[in-house]
Amino acid sequence: MDLFTKKTEKAGGRETSGLPRHIAIILDGNGRWAKKRGLPRTAGHMAGSETFRRIATYCKNIGVDYLTVYAFSTENWKRPEDEVGAIMKLLDKYLREAVATMARDRIRMRVFGDISCLSPELQRLVAETEEISSHYEGFQANICINYGGRDEIINAARRYAEDYAAGRAGALTEESFGAYLYSAGIPDPDLLIRPGGEQRISNFLLWQCAYSEFYFTDVLWPDFTGAELDKAIAEYRRRDRRFGAVKNP
Ligand code: FPP
């Protein structure tokens, strides 16, 4: 089985200029999607993980370089134990399939987050996917697990301070600090998409989204399609990104 292509959607020959290089997505709306169908919330997460496969394939096919998704936050541990267990099981299943297929498909995968409190088996799978990824170039999917933007920044600050005290780090700059984040070496997201109707950032990529364009939609994540992504990209293309400067002074 292909890691991303249980159901491949085609880009249909669309031109790629102005394409965001890095897209970040907050996977939201799984629970409501399931409730609408009289199903347990865990069925929504299962559908959501299939949508991730399809959208990752779609991104790869249209030429996006990086896709970063928020799968499990540092706050999501507050959810009922059976729901947390079901999400961990889905992540385990997904990473297991990734280990088996990503070398063949030349897909890189990274996990962002504090993985030290995940099960030893999940930790092993994360290490294995990252090891395989280190041998390839090309499209990269980043899955955020036990991730929080504030936690990431504090963790980076702590590690920088340790390195500085030990004489291993120089002056603190935005660039040097970026090297301590989970996203080290990866360009900031150009486009942040939040499906599911809420319009907030929920502690996702706080540092990296400083100049990202935000796109919100009421579509629930399991219903999100390549056509929805096209809409978000079309909107992104209409934005005037100035990064704090003026265009024609
Ligand atoms: C938010 O929707 C979704 C989550 C907290 C979990 C997302 C996890 C997955 C899709 C499973 C595995 C992921 C991958 C990448 C393989 P919600 O439950 O808050 O939805 P609601 O707002 O409708 O209740």
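Everything quoted here is computed from the prediction, not taken from an experiment. Sequence order as written defines residue numbering, which begins from 1 separately in each chain. Confidence filtering applies because this is a predicted model: local features only for residues at pLDDT of at least 70, side-chain atom pairs given and counted only at 80 or more, and all residues used for totals across whole chains, interfaces and linings. The side-chain values count all of the structure's non-hydrogen atoms but skip hydrogen atoms and water molecules.

(A) Structural context of the nonpolar core. Core analysis: the largest hydrophobic core is formed by 45 residues, its most contacted members being Ile23, Ile25, Phe52, Leu67, Ile193 and Leu229. Looking at which element gives the most residues to this core, the answer is helix H3 (residues 81-105), with nine residues. Note on contacts: a residue pair is in contact if any heavy atoms of the two residues lie within 4.5 Å. Each residue touching Leu67, except ones within four places of it in the same chain, is listed here: His22, Ile23, Ile25, Phe52, Ile55, Ala56, Cys59, Phe139, Gln140, Ala141 and Asn142. Definition used in this section: a nonpolar core is a set of buried Ala, Val, Leu, Ile, Met, Phe, Trp, Tyr and Cys residues joined via side-chain atoms within 4.5 Å. Relative accessibility under 20% of the residue-type maximum defines a buried residue, over 50% an exposed one, and the middle range a partly exposed one, all with a 1.4 Å probe and only protein chains included. Formed by 13 residues, the second largest nonpolar core is a distinct cluster that contains Ile26, Tyr66, Tyr147 and Cys209. In this text, helices come from DSSP runs of H or I with a minimum length of four residues, and strands from runs of E with a minimum of two, each type numbered from the N-terminal end.

(B) Seen up close, the sheet that holds strand E1 (residues 22-26). On the basis of which strands lie adjacent, the open sheet formed by six strands has the order E3-E4-E2-E1-E5-E6 and parallel pairing. Edge positions in the open sheet fall to strand E3 (108-112) and strand E6 (213-216), since each of these has one partner strand only. Geometrically, the sheet is characterised by an average inter-axis angle of 20 degrees between neighbouring strands, direction not taken into account. Of the strand pairs in this sheet, strand E5 (residues 191-194) and E6 are connected by four bridges, and their pairing is parallel. For Leu191, the partnering residue across the bridge sits in E6 and is Glu213. When DSSP finds two or more bridges between two strands, those strands count as paired. Lines fitted to C-alpha atoms define the axes, with helix axes restricted to the stretch in contact, and inter-axis angles between N-to-C directions lie between 0 and 180 degrees.

(C) Fine view of the pairing of E1. Among the five residues that make up E1, five are buried, leaving the element largely enclosed by the rest of the structure. By the alternation rule, side chains of E1 split into His22, Ala24 and Ile26 and Ile23 and Ile25, which are all buried. Strand direction decides the pairing type here: E1 and strand E2 (residues 66-73), joined by five bridges, are parallel. Paired with His22 across the strands is Tyr66, a residue of E2. The sheet contact formed by E1 and E5 spans three bridges and is parallel. Bridge assignment links Ala24 to a residue of E5, and that residue is Leu192.

(D) Looking closely at H3. For H3, with 25 residues, the first-to-last C-alpha span of 34 Å sits near the 36 Å given by 1.5 Å per residue. By definition, a residue's bend is the angle between the axes fitted to the seven residues ending there and the seven starting there. The principal kink in H3, of about 40 degrees, is found at Val99. Looking one or two residues past H3, Arg106 carries a phi angle of roughly 55 degrees, positive in sign. Under the convention used throughout, the expected extent of a helix is 1.5 Å for every residue step, that is, one less than its residue count.

(E) Broad picture of the site of the ligand. Lining the immediate environment of the ligand, one finds 17 residues, of which Leu27, Gly31, Arg32, Arg41 and Arg79 sit closest. Here a polar contact is taken to be a pair of N or O atoms separated by no more than 3.5 Å, where protein atoms must pair a possible hydrogen donor with a possible acceptor and residues adjacent in sequence count only if both atoms sit in side chains. For the ligand, an oxygen atom lies 2.7 Å from a polar atom in the backbone of Arg32. Arg41 places a side-chain nitrogen or oxygen 2.8 Å from an oxygen atom of the ligand. Each accessible area is a Shrake-Rupley result for a 1.4 Å probe, and residues are judged covered by the shown protein chains and nothing else. About the coverage of the ligand: the protein hides 93% of its 630 Å² of free accessible area. Within the residue set of the shell around the ligand, elements represented by two or more residues are helix H1 (30-36), helix H2 (41-62) and H3. Per-element accounting of the shell around the ligand gives the leading share, five residues, to H2. Looking at side-chain class alone, the shell around the ligand contains six nonpolar, seven polar and four charged residues. Summary of the distance rule: residues count as near a molecule or strand when at least one heavy atom falls within 4 Å of that molecule or strand. For this scheme, ten residues count as nonpolar: Ala, Val, Leu, Ile, Met, Phe, Trp, Tyr, Cys and Pro. Four count as charged, namely Asp, Glu, Lys and Arg, and the remainder, Gly too, count as polar.

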